[in-house]
Amino acid sequence: MAKTRNASASKKAWDFQFNAAIILTLSHIKDVDQIKVEGESEDIELYLNDNSVILSQAKFVEIIDDYRNVLRNLIDALSGLNKESISTNVTKTIYITNTPNPLNNMRTIGFYSGFKNLEFKELPSSDQKKIENIISKSKLSELNLDRLEIWILPFHGTGDNLFSSVREQLYYFLEDIEDTRGIGNKLLKIWQNKYSENASHRKVKIKKKELVWPIIVLVCGNPSIDVYLDGIDPAVQSQLKVSYAAFMNTMTEKFEFANKVISTYNEQVKSVIPLQKDFDDFIENNWTDFLEDFKIPEIEESHLEIIAKLIIRNILTKRFVIQSVKKKVNL
Amino acid sequence: MKLLELTISKPFDKKKFKFTDITLIFSKKNSVGKTTLIRMLLYALGYPIPSSKGITFGSYSYELKILTDSNRELVLHREGTELTVYEFSQRVNRFTLPIEELALHKMIFEIENDLVINNLLATFYIDQEKGWTLLNRGKIIGNIRFNIEDLVLGLSDRSDYGLKEKIRELEKEIKRYSMIYNTAIYKEQILKEHGPISKELEPTVETAAHMTLLLELQALTNELSRVNKVINGNIRFIDFIRNLKLYVIDFQGNEIPVNENTIKGFSDDEDYLLERQSQLKWEIQGIKKQLEPYEEKKDSKDKLFDIQSTGDIFDSAIAKLDIKQSSIDKVLKGLQSELKRTREHLREVLKTNNDITSEMHKTILKYTNELEISEHILPPENDLLFTRDLVPYSGAILHKIVFAYNLAYIDIIKKKFGKRTPIIIDSPKSREISDEEVEKMMSVLYRDFSDHQIIIASIHSYSIGYDNQLIIENQLLGF
């Protein structure tokens, strides 16, 4: 009995560590290149583009109001961070945990509720003192307090509740990227799934690229295709959607064709930031030029026009999304 | 209305074409741009003309000087979807096409009737490709349509628009019921093959959920195989390029090999597809997991048929539909006969006591007589205009009938509104028709319509007295 409880607790601890890694990555997305998560040592290492490293220790408590171990966790985490800090490239050391009372100090417990990322100097002075004492007692001489941060990531309950704070942080991140409404949940599942295969080893290496492409694919996955369908018989609309979806996707993804559309667009439209109107004008003026690449037998001309325009729009939108997301996360 | 001068330009380049009362656009060879010039002329007039091969109409700007029937000299400046009208160098109006096409054409043709304006182009323009087979309804060019009933309705000043609406509605309903009818036939076929579904064999909620999962699985599997195909296609493409061993030279003189790493955008597209592929695999895995319990139960109780494929699931769903071939047939027949009645009613309204139609009959008969085709059996007088039966005519006869109809259209618009539209004919000669016959047609045109502007594109110069010859040598624009 005790064994199974431990197994599920350790699974949860791993989930916490993995999700903490995601949150740390999102917060440093522009600078990050790779992330290493090691279950055994509760290490999270963020390798940045400029060859520097952000070190983190993640500690999970199973019961939210059980504070018996929180101080032990803090000491362990600081020791772990101290040990790894010998490397000269370390620019930040982060202790991340899910307890609302990381210093076991009932007077400052309110200060740590909800998601928090705090520099050492932002902490209440009594807590600062507590940490300084730990450092001197445990002789953690490598630890630089100017670089120390304490992060709280709420991670309690089961099912959706467990991830609610992670999801919230993910939504904040996605807010900066166009058209990401509604993809948060699925994105989180995809990320979790991508690395759960390795979870048995409790050791994963994540490349930024692997986190970013799912966003792009999800954003492009549901192109708005109603622009040209307004005013058309609903029966015909759904017929067009169903019958030609695969064809439209293939044309959008076929490199030769997509490249032709994009290059023609770039030759004609010089604006750096594409406006909806640029797309509209380009499509209106050029769609007939691409018809020779379309082979759809027995299609009504007016339907062909809709499909051609949608394909061109999807190609342009996709390219724009790729560029804009990559730029935002510095990929 | 007359077209006086067309200027086609791009930054740093422009070319001017002058049009007189009788203009022949001439070239010795075919495919040098006569048709393109005519289509650009119509594009400049604000029509949604599709671009010719190799020339994108929207990438030029156009200035077209015209003289309206009330002697206003207007300049139409079209740039993409914006068309601005100037008079005495002052801007008088601005139209966004195609939304305001109707308003624009009312202004330049000086005709107020919507139905006439909407059907005007086919009356004065005969396109090289579709024009000579277009008699009284169909597409003129691109998506621009012509319909004789609409034109006559517009000319007759009748308020029978309601009938027209009703016809449209009925046509839509019939389309819908035809599809249901086909489904009903299919259903009956399924039942014939599999026998009737007894009550206890009807799919339960559980099997419905099972079916939904199977359908989802099928759709995802199809999508995955589609994505795989695209990935392979792109790989084949890049292999081909790489094997060509091409190099480009940059401005510093460095040689850069052309391959997947150096072609702009390729690696992005590849990354995109690989991620899409991995997401699909993940989703398929998820569905398969959900399907496991059903698979275990599968043998216990058999359903209507063995559920194996999407096709079977579809059949089973169709078999459940509460539709009967015979009752749908009744509805469909009812709708069809109502449509027929409404059409006849409209035609009757248009035919009877209608000066417009009888005037048009007279004109058509006059010219078919003169062009010596009236001995061929034409439809009886009251069906002449509205016939749908083109089968008996072919080749030279159809060519001349089309010509006679067009002359009748132009003539009636002149009589009714006092407006003279230009007459634009792209290649009056076809393979089936002799030079003599074309000469005859042209002389009729010149004799009876010399008060209109006539623009003809051809590789033959006819003996009508054109006063301007636009000779196109090798290229229409050269920029």
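Residues numbered from 1 in each chain as written. Chains lettered and ligands numbered in written order. Predicted model: local features only at pLDDT ≥ 70, side-chain atom pairs only at ≥ 80, totals over all residues. Heavy atoms only, no water.

A.B. asks: Quick question: what am I supposed to make of the overall build of chain B here?
C.D. replies: The helix and strand tally for chain B stands at 13 helices and 15 strands. Within the structure as shown, chain B displays about 24800 Å² of accessible surface, and the carbon and sulfur contribution to it stands at 51%. (Helix = DSSP H or I, 4+ residues; strand = E, 2+ residues; numbered from the N terminus. Areas by Shrake-Rupley, 256 points an atom, 1.4 Å probe, with all protein chains shown as cover.)

A.B. asks: Even after reading the chapter, I still don't get the overall build of chain A, so can you show me in this structure?
C.D. replies: A tally of regular secondary structure across chain A gives 10 helices and seven strands. The burial tally for chain A puts 50% of its 331 residues in the buried class. Pairs at least 24 residues apart make up 66% of the contacts formed inside chain A by residues separated by at least 6 positions. Carbon and sulfur atoms provide 50% of the accessible area of chain A, an area that totals close to 16500 Å². (Buried < 20%, exposed > 50% of the residue type's maximum accessible area, 1.4 Å probe, protein only. Contact = heavy atoms within 4.5 Å.)

A.B. asks: Explain the confidence of the model for chain B to me, please; I cannot follow it from the model alone.
C.D. replies: Detailed conclusions should not be drawn from predicted coordinates in areas where pLDDT is low. Residue and element names in this part refer to chain B. Looking at chain B as a whole, its pLDDT mean stands at 83, while 89% of the residues score no less than 70. Ranking the elements of chain B by mean pLDDT puts helix α9 (residues 310-320) last, at 68, and strand β4 (residues 61-67) first, at 95. Here residues 301-308 is a poorly scored stretch, pLDDT under 50, and it has 16 contacts once near neighbours within four places are set aside; other chains count. As a predicted assembly, this complex carries a pTM of 0.53 together with an ipTM value of 0.84. (pLDDT = per-residue confidence, 0-100.)

A.B. asks: So what exactly am I meant to see when it comes to the packing of aromatic side chains here?
C.D. replies: Aromatic rings in a pair are described by how distant their centres are and how their planes are angled relative to each other. All names here are of chain A. The tally for this structure, following the rule as stated, stands at 19 aromatic pairs over all chains. Centroid distance F115 to W151: 6.1 Å. Interplanar angle 90 degrees. Geometry classified as edge-to-face. Residue F115 is located in the loop between β4 (90-97) and β5 (116-119), and its partner W151 is located in strand β6 (residues 148-152); the two are separated by 36 residues in the primary sequence. A ring pair is formed by F282 and F290, whose centres lie 6.4 Å apart and whose planes are at 45 degrees; its orientation type is tilted. Taken together through their ring pairs, the aromatic side chains of F257, Y265, F279, F282, F290 and F320 make up a single cluster. (Phe/Tyr/Trp six-rings, centres within 6.5 Å; stacked < 30°, edge-to-face > 60°.)

A.B. asks: Whenever I open this one, the interface of chain B and chain A confuses me. Can you help?
C.D. replies: When the parts of a complex come together, some accessible area is lost, and that lost area is often used as the size of the interface. At the junction of the two partners, chain B supplies 34 residues and chain A supplies 37 residues. Here chain B and chain A share seven salt bridges between them. K318 of chain A is paired through a salt bridge with D269 of chain B; the nearest N and O atoms lie 4.0 Å apart. Counting the contacts that link chain B with chain A gives nine residue pairs in polar contact (both at pLDDT 80 or more). In terms of residues, the side of chain B that touches chain A owes the most to one element, helix α8 (residues 266-297) of chain B, which gives 12 residues. (Salt bridge = Lys/Arg side-chain N within 4 Å of Asp/Glu carboxyl O. Polar contact = N/O pair within 3.5 Å; in protein donor to acceptor, adjacent residues only side chain to side chain.)

A.B. asks: Can you walk me through the sheet that holds strand β3 (residues 22-26) of chain B in this structure?
C.D. replies: The strands that make up a sheet pair up through hydrogen bonds in the backbone, lying either parallel or antiparallel. Reading across from one edge, β8-β13-β14-β3-β15 (chain B) is the order of the five strands in this open sheet, with parallel pairing throughout. On the outer flanks of this sheet lie β8 (125-126) and β15 (468-471) of chain B, each paired with one strand and no other. (Pairing = 2+ DSSP bridges.)

A.B. asks: What's the story with the nonpolar core in this structure? I'm lost.
C.D. replies: Residues and elements named next belong to chain B. With 113 residues, the main nonpolar core has L42 and L445 as its most contacted residues. For this core, the element with the highest residue contribution is helix α12 (residues 395-417), accounting for 12 residues. With residues near it in sequence (within four places) discarded, L445 still touches F403, L407, I423, I425, S450, I454 and I456. (Core = buried A, V, L, I, M, F, W, Y, C linked by side-chain atoms within 4.5 Å.)

A.B. asks: Explanation requested: the confidence of the model for chain A in the structure shown.
C.D. replies: All names here are of chain A. In this model, chain A carries an average pLDDT of 86, and 94% of its residues clear a pLDDT of 70 or more. Per-residue pLDDT, averaged within each element of chain A, yields its smallest value for helix α1 (residues 2-27) (79) and its largest for β6 (96). pLDDT under 50 marks residues 1-5. Its contacts with residues more than four places away, or in other chains, come to one contact.

A.B. asks: Is there a simple way to think about the pairing of β3 of chain B in this case?
C.D. replies: It is a general feature of regular strands that their side chains alternate between the two faces of the sheet. Residues and elements named next belong to chain B. With five of its five residues buried, β3 lies for the most part within the structure. Judged by which residues are buried, β3 turns out to be covered on both faces: I22, L24 and F26 on one side and T23 and I25 on the other are all buried. Where β3 lies against strand β14 (residues 454-458), five bridges are found, and the strand directions are parallel. Counted as the bridge partner of L24 is I456 from β14. The sheet contact formed by β3 and β15 spans four bridges and is parallel. Residue T23 lies in a different strand from β15, and its bridge partner there is N468.

A.B. asks: Explain the packing of helix α5 (residues 148-155) of chain B against helix α10 (residues 325-351) of chain B here, please?
C.D. replies: The relative placement of two packed helices comes down to the angle between their axes together with the axis-to-axis distance. Residue and element names in this part refer to chain B. Closest axis-to-axis distance for the α5/α10 pair is 10 Å, and the angle between their directions is 45 degrees. Judged on the interaxial angle alone, α10 and α5 are oblique. As α5 runs across α10, the sense of the crossing is left-handed. Packed against α5, whose contacting residues are E149, V152 and L153, the element α10 presents L346, R347 and L350 at the interface. Grouping the amino acids of the contact of α5 with α10 by side-chain chemistry returns four nonpolar, no polar and two charged. (Axes fitted to C-alpha atoms, helices over the stretch in contact; angles between N-to-C directions. Parallel < 35°, antiparallel > 145°, perpendicular 65-115°, else oblique. Left-handed = near helix turned anticlockwise from the far one by under 90°. Nonpolar A, V, L, I, M, F, W, Y, C, P; charged D, E, K, R; others polar.)

A.B. asks: Could you clarify how one ought to interpret a nonpolar patch on the surface in this entry?
C.D. replies: Together, F240, L244 and L246 of chain B line one region of the surface with nonpolar side chains, adding up to about 290 Å² of accessible area. As for its placement among the helices and strands, F240 of chain B is situated in helix α7 (residues 205-243). (Patch = residues over 30% accessible without salt bridge, like charges linked within 9 Å, V, L, I, M, F, W, Y side chains within 5 Å.)

A.B. asks: For this particular structure, what's the right way to read the side chain of N73 of chain A?
C.D. replies: Residues and elements named next belong to chain A. Along the chain, N73 falls in helix α2 (residues 70-84). Residue N73 is classed as buried on the basis of its relative accessible area of 12%. Once residues within four sequence positions are removed from consideration, N73 is found in contact with K59, F60, V61 and Y95.

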